[in-house]
Structures are given as structure tokens and as C-alpha cells.
Amino acid sequence: MSGRVLLVDDDPSMVALLSLHLTRRGFKVTSLTDPQAALPLLMEQPFDVVLTDLHMSGLSGTELCERVVANLPDLPVVVMTAFGNMQTVVAALRAGAYDFITKPVEVDDLVHTLSRAVQNYHLKGEVVRLTKVVAESQRLGGGLLGSSPPMRKVYDLLTRIADSDASVIINGESGTGKELVARALHEKSRRASGPFVAINCAAMPEALLESELFGHARGAFTDAKAARAGLFVQAHGGTLFLDEVGEMPLGLQPKLLRALQERSVRPVGGDHEVSFDVRVVAATNRDLEGMVEENRFREDLYYRLNVVQMELPPLRARGGDILLLAQHFVEHFAARANKRVTGLNETVAERLMSYSWPGNVRELRNCIERAVAVTVTEHLAVEDLPEKIRAYRASHVVVASGDPSELTTLEEVERRYILRVMEEVKGNKSLAAQILGLDRKTLYRKLDRIKGSGE
């Protein structure tokens, strides 16, 4: 991460050398050889970090650090000092310095330290901003929260289709909030005064699912002591949400297709059709197109459900929404536990932003609930986070080590990357093809070749 650096050193040659190196690394550098001029400049112009020498004539680096902390307490100050002069370093750190660098300066170490300081500064500002945003945010119906570009696309499509009766399929990984989107769609529609009825198609066996959806007549089976209206009828005038529709048994799919076509259902064991007026919203984390091609989901049902398709982004693709949601969950669980926890510190924000969130919003919610439960401070600290998030380090596809003999072919690099993407998207070929920039048939062909090679 680059940023705006105020470099303060009374040695012009050192200033020129460091300015050159930092500018080449992408930093925007403003330099001063008079430390007395630093604070007035900081009050006039925005900077992300101050880099100052400790031993200067007129004003020491420690004194400058004290003045910066007193007037701009969030702005990080990195101090430079001769190797072995730790007494002055300790004094500077006590005065509020963010970190220190020893001379002679190693440019890579300096760049790393400044980048970390800039990131810390930005995250600290983001945490403060999010507290206000959550308090003032006009939440979309159903509890949706987020302002990232992928979520703005979701909001835009949701607004455009809300008053339509067209069937909708919401695609997204587990834990991304598909039911929240379905509820938001219902609450923004002209059906908002009607019922919102949800069922998980993976949660029950075929016979029970059929009875739940279509209802049953009295005596239709052993325990049917009274007639019961199915969910299609119960949702009349409103919205029926079919969660995990990709798990629906093949034997039940023709009956669902007929119900959607005829807008009526025949209860199990019944003699008469019962009409209904509902909007159907389905959701899945499966690759339904792939299932159609593999004859595991009916093509005609897929097209009946998939009039409008909404792609819900995974949490890792939502950028700053991670912190926005985290702040929201902090406030929610703190209020529930009657604890004074108002937010998260910048180090926690950094860990949350660097984690990959395979469990998406559901995992983040669980993480923050746990952190609020165990914290003893007003702001969540790193030690409050689950161990796997504290210890997380982003992984990368390794092509080869420094040994030239281990360099591999382009085909092998492609194979490893495709397998890595498939692992990350949990086998969703449509999403994998989108990430890889391939059409589905090309991806299938490459996967077949990989399988044929013994993978």
C-alpha cells in the first residue's frame, strides 16, 4: 500500500535519497529539512504517515512525535535512528510513535513499515466512519446492508424487478444471505402485505416435502387426521421462497413444474385442484446449469424458475462491506448482551479484511458474536477473534520455488489454477468459468482433460 508521506530530516542528502526510493515505490513524498515547519504543514494538508529522523537540530523527532500525537492522534509517526540507540527509540514509542527504523535504512524494510502504517491509518479511519454509517444507514428491506459495487448491482436489480411477478433464482454460496435478499424482494414488492413463506427443499424427505408444498387431504396417509393446506396455498397473495431448490428430489420436480405452469395444486390424496397466486423465488448454492447438463435437474423446471437470475457475491468479494457488517453485528450483539462494546480496533479490522471468509456473512456473524461474548474491552481486540482468523495467512498458488529445475509448463500452471478456483468456489462450474474468463463448455473440456490425466 502506498500513501502520502511527510518526510522530515535535517540532512538534505538523506531527504533526497529517501524521497527518490519512496517515490519509485509509489509513495507521494513531501519533504522538509526544518522540523519546525512540519506541524503547520500537517494541519494544512492531508498525510497518511510521518517519517522523521530522531536527532535533528531545533526540534527532535521525539518532540515532533509528541506534537503530532497531541494534534493528530490517529496519524502514524515512524521514526528513524542509528542502530543501537534504543533509549531514544523507547522514548519516541512512549511519545506515541507507531514504529521505528534503524539506520542505515533498508529500503524494503522501510517500505513495508510505511505501508503497514498507512494501512493501519486508513483502517482506523474506516472503523470510525463505519460506526456513523451503520447508525445512519437506510437499510434496504429485509436487513440487507452493504455499499460495495457488487452489492449495489444486487440492489439495482432488486429494485427493478420488485414489482414484477417473474420467478427469480438467487445464486450464491452458502451463508451469503440469499433468504435476506428474497425477503427484501418481497418487502419492496406490491405483495409486501401478503405472506412470505419459506421452505428448505433439502431439509426433508420427498414425501414430506410434497405434502408441505401441496398440502394433503384427510386420510391421505397414516397421520393425516385432518386436511392441511400446502405452502403454495398458504403463501397466496405473497411470496414462496424455495431455498436449496437444487436439492429437490427428481421425482418431485415434474409436480412442481406443473404447479408453476397451472398456478394450482392438487393436495396429496385430494380430488380437486386448488388455485393460488404467489410469486416464486428460489435460491441455490449449486450449479443448476451443470446439473441440467448432467440430468440431475429438469431443464424445463430450470427455465420456469430462472426467469430472472440474481448473483449474490461472496463476502470476500465485497471489500469494505466486511467491516460495515462487522460493525453492525457488534452493535447488535452488544445490545443483546447488554455490554458496552462499541466497535473494533484497527488491528481487528485488518485481520477481518485479510481473511477469506469461506462461510461468508454467516461465518462473520458467528465470529463477531463470539468476540462480543468474550471481550473485556470497549473495542474488540485481536485476542477476541477465533484462532483460525487470528492465525490466518492468505495462501497463494505456488508455481515453483527458486530452483530453476522446478519450473513447470504453462499447462501445469493452468491445471493447478483451475483446480484451485474449483476448490474455492466449492465446485460451482458457472462461477468458476466466470472467474477464469472461460465459457462453460471450455471449462468442462479442460476439467475432463484434467480428470483424464489422473487428477
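Residues numbered from 1 in each chain as written. Predicted model: local features only at pLDDT ≥ 70, side-chain atom pairs only at ≥ 80, totals over all residues. Heavy atoms only, no water.

Colleague: Any details on the overall build of the protein? Residues and values, ideally.
Modeller: Broken down by element type, the protein carries 19 helices and 16 strands. Its C-alpha atoms give the protein a radius of gyration of 29 Å, more than 25% over the compact-globule value 23 Å for 455 residues. Referenced to the eigenvectors of the C-alpha coordinate spread, the extents of the protein come out at roughly 100 × 60 × 35 Å. Here the protein, with 455 residues, has 45% of them falling under the buried criterion. Accessible surface for the protein amounts to roughly 22,600 Å². Of this, 51% is attributable to carbon and sulfur atoms. Put simply, the protein has 55 plus and 60 minus side-chain charges, and the middle of one group is 5 Å from the middle of the other. (Helix = DSSP H or I, 4+ residues; strand = E, 2+ residues; numbered from the N terminus. Rg over C-alpha atoms; globule rule 2.2 N^0.38 Å. Buried < 20%, exposed > 50% of the residue type's maximum accessible area, 1.4 Å probe, protein only. Areas by Shrake-Rupley, 256 points an atom, 1.4 Å probe, with all protein chains shown as cover. Lys, Arg positive; Asp, Glu negative; His and termini not counted. Charge placed at Lys NZ, Arg CZ, Asp CG, Glu CD.)

Colleague: Describe helix 8 (residues 206–214), and please don't skip the residues or the numbers.
Modeller: Taken residue by residue, helix 8 has L209, E210, S211, E212, L213 and F214 as its buried positions. Count one or two residues on from helix 8 and you reach G215, which has phi positive near 85 degrees.

Colleague: Report on the pattern of salt bridges, specifying residues and quantitative values.
Modeller: For the structure on display, the rule yields 24 salt bridges. Between R4 and D48 there is a salt bridge whose closest N-O contact spans 2.8 Å. Of the two residues, R4 sits in strand 1 (residues 4–8) while D48 sits in the loop between helix 2 (38–44) and strand 3 (49–53), which places them 44 residues apart along the sequence. Here R298 ties to D300 by a salt bridge, and the two come within 2.7 Å at their closest N and O atoms. Owing to a relative accessible area of 30%, R298 belongs among the partly exposed residues under this scheme. (Salt bridge = Lys/Arg side-chain N within 4 Å of Asp/Glu carboxyl O.)

Colleague: I'd like a rundown of the sheet that holds strand 13 (residues 279–284), residues and numbers included.
Modeller: Strand order in the open sheet formed by five strands is 7-10-13-6-14, with parallel pairing between adjacent strands. With one partner strand each, in any of the chains shown, strand 7 (196–200) and strand 14 (308–311) form the two edges of the open sheet. Recorded for the sheet is a direction-independent mean angle of 20 degrees between the axes of neighbouring strands. Taken together, the five bridges between strand 7 and strand 10 (residues 239–243) define a ladder with parallel strand orientation. By the bridge assignment, I199 is partnered in strand 10 with L242. (Pairing = 2+ DSSP bridges. Axes fitted to C-alpha atoms, helices over the stretch in contact; angles between N-to-C directions.)

Colleague: Just give me the short version of the packing of aromatic side chains, but keep the residues and values in it.
Modeller: Across all of its chains, the model carries six aromatic pairs by this definition. For the pair Y302 and Y303, a centre-to-centre distance of 5.1 Å together with 70 degrees between the ring planes defines the contact as edge-to-face. The exposure class of Y302 is buried, given its relative accessible area of 5%. Y303 gets classed as exposed once you look at its relative accessible area, which sits at 52%. With 4.6 Å between their ring centres and 90 degrees between their planes, Y355 and W357 make a pair best called edge-to-face. (Phe/Tyr/Trp six-rings, centres within 6.5 Å; stacked < 30°, edge-to-face > 60°.)

Colleague: If you had to explain the confidence of the model for the protein to someone new, which residues and values would you point to?
Modeller: The pLDDT averaged across the protein works out to 86; a share of 90% of its residues lies at or above 70. Counted against residues more than four places away or in other chains, residues 138–142, with its pLDDT under 50, gives 13 contacts. Overall, residues 396–401 carries pLDDT values under 50, and its contacts beyond four positions in sequence, including any with other chains, amount to 12 contacts. (pLDDT = per-residue confidence, 0-100. Contact = heavy atoms within 4.5 Å.)

Colleague: I'd like a rundown of the nonpolar core, residues and numbers included.
Modeller: With 31 residues, the main nonpolar core has L213, F232, L240, L242, F297 and L305 as its most contacted residues. Mapped by element, the contributors of at least two residues to this core are strand 7, helix 8, helix 9 (231–234), strand 10, helix 10 (253–262), strand 13, helix 11 (288–293) and helix 12 (299–305). It is helix 10 that provides the largest number of residues to this core, a total of four residues. The contacts of L305, once residues within four sequence positions are left out, are S167, V168, I169, V245, L260, V280 and F297. Residues A326, I368, L385 and I389 belong to the second largest nonpolar core, which totals 29 residues. (Core = buried A, V, L, I, M, F, W, Y, C linked by side-chain atoms within 4.5 Å.)

Colleague: Help me get a handle on the environment of T62, residues and values and all.
Modeller: You can see T62 is positioned in helix 3 (residues 61–71). Setting aside chain neighbours within four positions, we find T62 in contact with L54, T88, A91, A92 and A95.

Colleague: I'd love a proper account of the side chain of N428, names of residues and values included.
Modeller: Note that N428 resides in the loop between helix 17 (410–424) and helix 18 (429–436). The exposure class assigned to N428 is buried, which follows from its relative accessible area of 16%. If we ignore the near neighbours within four places in the chain, the residues touching N428 are N285, R286 and D287.

Colleague: Outline the pairing of strand 2 (residues 28–32), supporting the account with residue identities and numerical values.
Modeller: Look at any regular strand and the pattern is simple: side chains alternate between the two faces of the sheet. Of the strand pairs in this sheet, strand 1 and strand 2 are connected by five bridges, and their pairing is parallel. Bridging from a neighbouring strand, V5 pairs with V29 of strand 2. One crossover worth recording links strand 1 to the parallel strand 2 by way of helix 1 (residues 12–24), and it is right-handed. (Right-handed = clockwise from strand over helix to strand, strands pointing away.)

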